[in-house]
Amino acid sequence: MFLYENGLEIKDMTGKKKQSMGLGKIIGLAVLATIVLLLLVVGFLIGTKTGRRLMYQYAAKYIYQSVEVETEPEEKQTEVLEEAETETTKPDPWYDEDEPVRNFLIYGVEEIGGAKNTDTMMIASINMDTGEIKLTSILRDTMVQISGYRDNKLNQAFALGGVELLLETIEHNYMIDIDGYAWVNFESFEEVIDLIGGIDLELTTAEANYLNTTNYISKPENRNVSPGMNHLNGNQVLGYCRVRYVRTSTDGHDDYGRTERQRLVLNTIFNTYIKRNPLDLMTLSKKCLKYINTSVSEEQIAQILECVVEKRANSLETFQVPINGYFSEPKEYNGVTYPLILDWEENILQYYQFLFGDTEEEAKNRYETYKTEKESRMKE
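All of these numbers come straight from a predicted model, not from anything done at the bench. (Residues numbered from 1 in each chain as written. Predicted model: local features only at pLDDT ≥ 70, side-chain atom pairs only at ≥ 80, totals over all residues. Heavy atoms only, no water.)

(A) Structural view of helix α6 (residues 205-213). Among all positions in α6, only E207, A208, Y210 and L211 are buried. Taken end-on, α6 shows its buried residues confined to a sector of 165°, consistent with a single buried face. (Buried < 20%, exposed > 50% of the residue type's maximum accessible area, 1.4 Å probe, protein only. Helix = DSSP H or I, 4+ residues; strand = E, 2+ residues; numbered from the N terminus. Arc of directions from axis to C-beta.)

Here you go:
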């Protein structure tokens, strides 16, 4: 039996001293125990699906609290609640397991003289079963049907009715469902590029000369790019994304060349970003996320994170609508100058094959089903 003196020295009942345990050893053992505990916790979080799911939920909360969240109009929320009340099954998960592809609109806003224009529009799609990520450019000059207005170019939908009308217009014309959206203005885009340290892009001689001699790069001191590989800052990348009058290295021109550049930039950002270590990513994400406005919910973010990580998504596939050979470019059409007039059926069929991995027959069946639903909604 032992007695404690002053909390450190120990004697037995015979009065003989035992070796005292110094304060340093006590602290050392406490630190060791803490490290072991942390390792066990980390092992649980990383080594088990349940643990990793907790991490995704925590990360989703972190992201959700960092971005600018945009809620749907009150009348839209009421409609959703009424629909949910009539559902016979619980809407969980938020995507249909029979149709795992989820689509999110990404657009850039340019503010000029108080007006807001959506010059950049893309649909980011993720397959929740496989983790495949696909990016589709939709061109702003595409002639579309806009509910309540005469037919006009796609970028007019946002100017006429904001994001709600833009989403409705895209769903109606492109025959896909949009599950959420995110947007950033051009000034914020520059900041995001600078925060990740810039990106590497290869320029043709024509592109470099054009960027150095026009105001597409808005700051004159940055008009110093050269043919070949360049490490570009945010101001230079934004200028590159806006070029439309110079052909790309693959001979893309006009708005096709510009959207090709935009897809290349997003792909480069993606590849640059995923190479960072986790600690850098956490710090970087916090800084970048404040520039993003989105309607995506915290639950959606958590499930997307889980899908991307668990399925080891590490690449982007890209596409563009309209497809070469299935549109015309008249100088004027129904009072609208220089629109893109699409062969909608053929464009949508090929888009379905890219997006969903459909065969030609499956794409046709999907098209007919959606067309019937679309006609039914228009009659209501």
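(B) Layout of the packing of aromatic side chains. Within this structure, the stated rule accounts for eight aromatic pairs. Geometrically, the ring pair formed by Y107 and W183 is stacked, given 6.3 Å between the ring centres and 15° between the ring planes. In this pair, Y107 sits in strand β5 (residues 101-112) while W183 sits in strand β10 (residues 180-185), placing the two residues 76 residues apart along the sequence. Overall, the relative accessible area of 4% leaves Y107 in the buried class. On the basis of relative accessible area, W183 is assigned to the buried category, the value being 15%. For R261, the ring lying beneath its charged end belongs to Y240, and the centroid distance is 5.8 Å. Geometry around F356 places R366 over its ring, the cationic atom sitting 3.7 Å from the centre. (Phe/Tyr/Trp six-rings, centres within 6.5 Å; stacked < 30°, edge-to-face > 60°. Lys NZ or Arg CZ within 6 Å of the ring centre and 35° of its normal.)

(C) Main features of the environment of A363. Structurally, A363 can be placed in helix α12 (residues 360-379). On the basis of relative accessible area, A363 is assigned to the buried category, the value being 0%. Contact partners of A363, with chain neighbours within four places excluded, come to L349, Y352, Q353 and D358. (Contact = heavy atoms within 4.5 Å.)

(D) A look at a negative patch on the surface. Together, D343, E345, E368 and E375 give the surface a local cluster of negative charge. Residue position: D343 is located in the loop between β18 (341-342) and α11 (344-356). (Patch = residues over 30% accessible without salt bridge, like charges linked within 9 Å, V, L, I, M, F, W, Y side chains within 5 Å. Areas by Shrake-Rupley, 256 points an atom, 1.4 Å probe, with all protein chains shown as cover. Salt bridge = Lys/Arg side-chain N within 4 Å of Asp/Glu carboxyl O. Lys, Arg positive; Asp, Glu negative; His and termini not counted. Charge placed at Lys NZ, Arg CZ, Asp CG, Glu CD.)

(E) Region of the structure containing the pattern of salt bridges. Inspection of every chain in the model, using the stated rule, returns eight salt bridges. Where D141 meets R140, a salt bridge forms, and the shortest distance between an N and an O atom there is 3.9 Å. The buried category is assigned to R140, whose relative accessible area is 12%. A single salt-bridge network, built from bridges that share partners, covers R140, D141, K153 and R244.

(F) Representation of the environment of K371 in the model. Locating K371 in the fold gives a position in helix α12. By relative accessible area, which is 31% here, K371 ends up partly exposed. In this structure, the C-alpha to C-alpha distance between K371 and H172, residues 199 residues apart in sequence, is 9.4 Å.

(G) Representation of the nonpolar core in the model. Within the largest apolar cluster, 40 residues are counted, with the highest numbers of intra-cluster contacts made by L105, Y107, L166, I170 and Y352. Of all the secondary structure elements, the ones that give two or more residues to this core are β5, β6 (115-127), α4 (155-174), β10, β14 (316-321), α11 and α12. If one sorts the elements of this core by residue count, α4 sits on top with eight residues. The residues touching I170, leaving out its near neighbours within four places in the chain, are L105, I123, I138, L154, M175 and I178. If you look at the next biggest cluster of nonpolar residues, it comprises 24 residues, including V184, F189, I199 and L203. (Core = buried A, V, L, I, M, F, W, Y, C linked by side-chain atoms within 4.5 Å.)

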